[in-house]
Amino acid sequence: GVGNVKTLEIFPNAALCVRGEQLSEYQAAYPDNEIIVQTQPGASGARNTILDTWNDCDILMMDDDVSKISAFIPRPNAKGKYDTVPLEGDRLIETLNKMFSSARNLGAYHWGVSPTSNPLFYNAKKPVSTNNFVNGSMTGYLAGIDIRFDLDLIHKEDYDFTVQAWLRYGRVLRFNAILTDAAHRSNKGG
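Notes on the structure follow. These numbers were taken from a predicted model, which means no experiment stands behind them.

Remarks on the packing of helix α2 (residues 42-53) against helix α4 (residues 157-169)
Alright, step 1. Contact pair α2 / α4: the axes reach a minimum separation of 10 Å and the direction vectors enclose 45°. One finds that α2 runs oblique with respect to α4. Facing α2, whose interface residues are Ala43, Ser44, Arg47 and Leu51, α4 presents Glu157, Asp158 and Phe161.
Alright, step 2. Along the lines of polarity and charge, the residues of the contact of α2 with α4 split into three nonpolar, one polar and three charged.

A closer look at the nonpolar core
The nonpolar side chains of soluble globular proteins are, as a tendency, buried together.
Alright, step 1. Counting 20 residues, the largest nonpolar core has Ile69, Leu96, Met99, Trp111, Met138 and Ile178 as its most contacted members.
Alright, step 2. Sorting the residues of this core by element identifies β4 (66-74), α3 (89-106), β6 (110-113) and β9 (173-175) as the ones contributing at least two each.
Alright, step 3. Broken down by element, the residue count for this core peaks at five residues, all from α3.
Alright, step 4. Ignoring sequence-local partners within four residues, the contact set of Leu96 consists of Phe11, Leu60, Trp111 and Met138.
Alright, step 5. Core analysis: the next-biggest nonpolar cluster, separate from the first, contains 14 residues, Phe149, Phe161, Ala165 and Tyr169 among them.

Section: the sheet that holds strand β7 (residues 128-129)
Alright, step 1. Strand order across the open sheet formed by five strands is β3-β8-β6-β9-β7, with mixed pairing between neighbours. In this open sheet, the two edge strands, each paired with only one partner strand, are β3 (59-62) and β7.
Alright, step 2. Bridging between β7 and β9 involves two bridges; their strand directions are antiparallel. Within β9, the position partnered with Val128 by the bridge is Phe175.

Remarks on unusual backbone geometry
Alright, step 1. The backbone of Lys156 shows a phi angle near 65°, a positive value even though the residue is not glycine.
Alright, step 2. Position of Lys156 relative to the elements: it lies in the loop between β8 (138-141) and α4.
Alright, step 3. With relative accessibility at 55%, the residue Lys156 sits in the exposed group.

Re the side chain of His110
Alright, step 1. For His110, the position within the fold is in strand β6.
Alright, step 2. The exposure class of His110 is buried, given its relative accessible area of 2%.
Alright, step 3. In this structure His110 touches Val134, Thr139, Gly140, Tyr141, Ile145, Phe161, Thr162, Ala165, Val172 and Leu173, once residues within four positions along its chain are discounted.

Some points on the packing of aromatic side chains
Alright, step 1. A complete count under the given rule lists eight aromatic pairs for this structure.
Alright, step 2. With a centroid separation of 4.3 Å and 15° between ring planes, the pair formed by Tyr109 and Tyr169 is classed as stacked. One end of the pair, Tyr109, is in the loop between α3 and β6; the other, Tyr169, is in helix α4, and 60 residues separate them in sequence.
Alright, step 3. The partly exposed category is assigned to Tyr109, whose relative accessible area is 27%.
Alright, step 4. Measuring from centroid to centroid gives 5.0 Å for Phe133 and Trp166, while their planes differ by 55°, and the two rings are tilted. Within this pair, whereas Phe133 is found in the loop between β7 and β8, its partner Trp166 is found in helix α4, the two being separated by 33 residues in sequence.

Each value, and the rule that gives it
- Residues numbered from 1 in each chain as written.
- Predicted model: local features only at pLDDT ≥ 70, side-chain atom pairs only at ≥ 80, totals over all residues.
- Heavy atoms only, no water.
- Axes fitted to C-alpha atoms, helices over the stretch in contact; angles between N-to-C directions.
- Helix = DSSP H or I, 4+ residues; strand = E, 2+ residues; numbered from the N terminus.
- Parallel < 35°, antiparallel > 145°, perpendicular 65-115°, else oblique.
- Contact = heavy atoms within 4.5 Å.
- Nonpolar A, V, L, I, M, F, W, Y, C, P; charged D, E, K, R; others polar.
- Core = buried A, V, L, I, M, F, W, Y, C linked by side-chain atoms within 4.5 Å.
- Buried < 20%, exposed > 50% of the residue type's maximum accessible area, 1.4 Å probe, protein only.
- Pairing = 2+ DSSP bridges.
- Phe/Tyr/Trp six-rings, centres within 6.5 Å; stacked < 30°, edge-to-face > 60°.

Here's what the structure looks like:
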């Protein structure tokens, strides 16, 4: 059956990529959303379908179980301690526009966010890195990106894609101060 697409609570107009046998169920459940049929198998195939469909656009790709996007902020008067603040509405759109702009200015066709929502792992001295893997539930791709996910990789395809992007473009950005909340440990994935 059709799963609960938590991410639509953040981006109600998001396009969805689904397997062909799921199309009519998703169209009935989400009649106001653009829904495309995945043309290649597996998670890598879904990502490649999205990249092929909208290759002339910047793409924000998210898992279906993202419930919140936040940013790390320093805790006042507590050196080295951080809180998280939700990014919503105009503030979220402004942040995403800055992320895409930064990627474009640096020639980084692929970017992502912190792989964990735990502020213990946040390093304020490195809010953006160019030499870390991009994995997780929110990734960005600049228009015209010409690499694709390896369909033979069932797991760790995001690591392989990061290496491909490094080799092709010389850098990948990871915005370490931005994080997503998703149920990675308690579900099958998005």
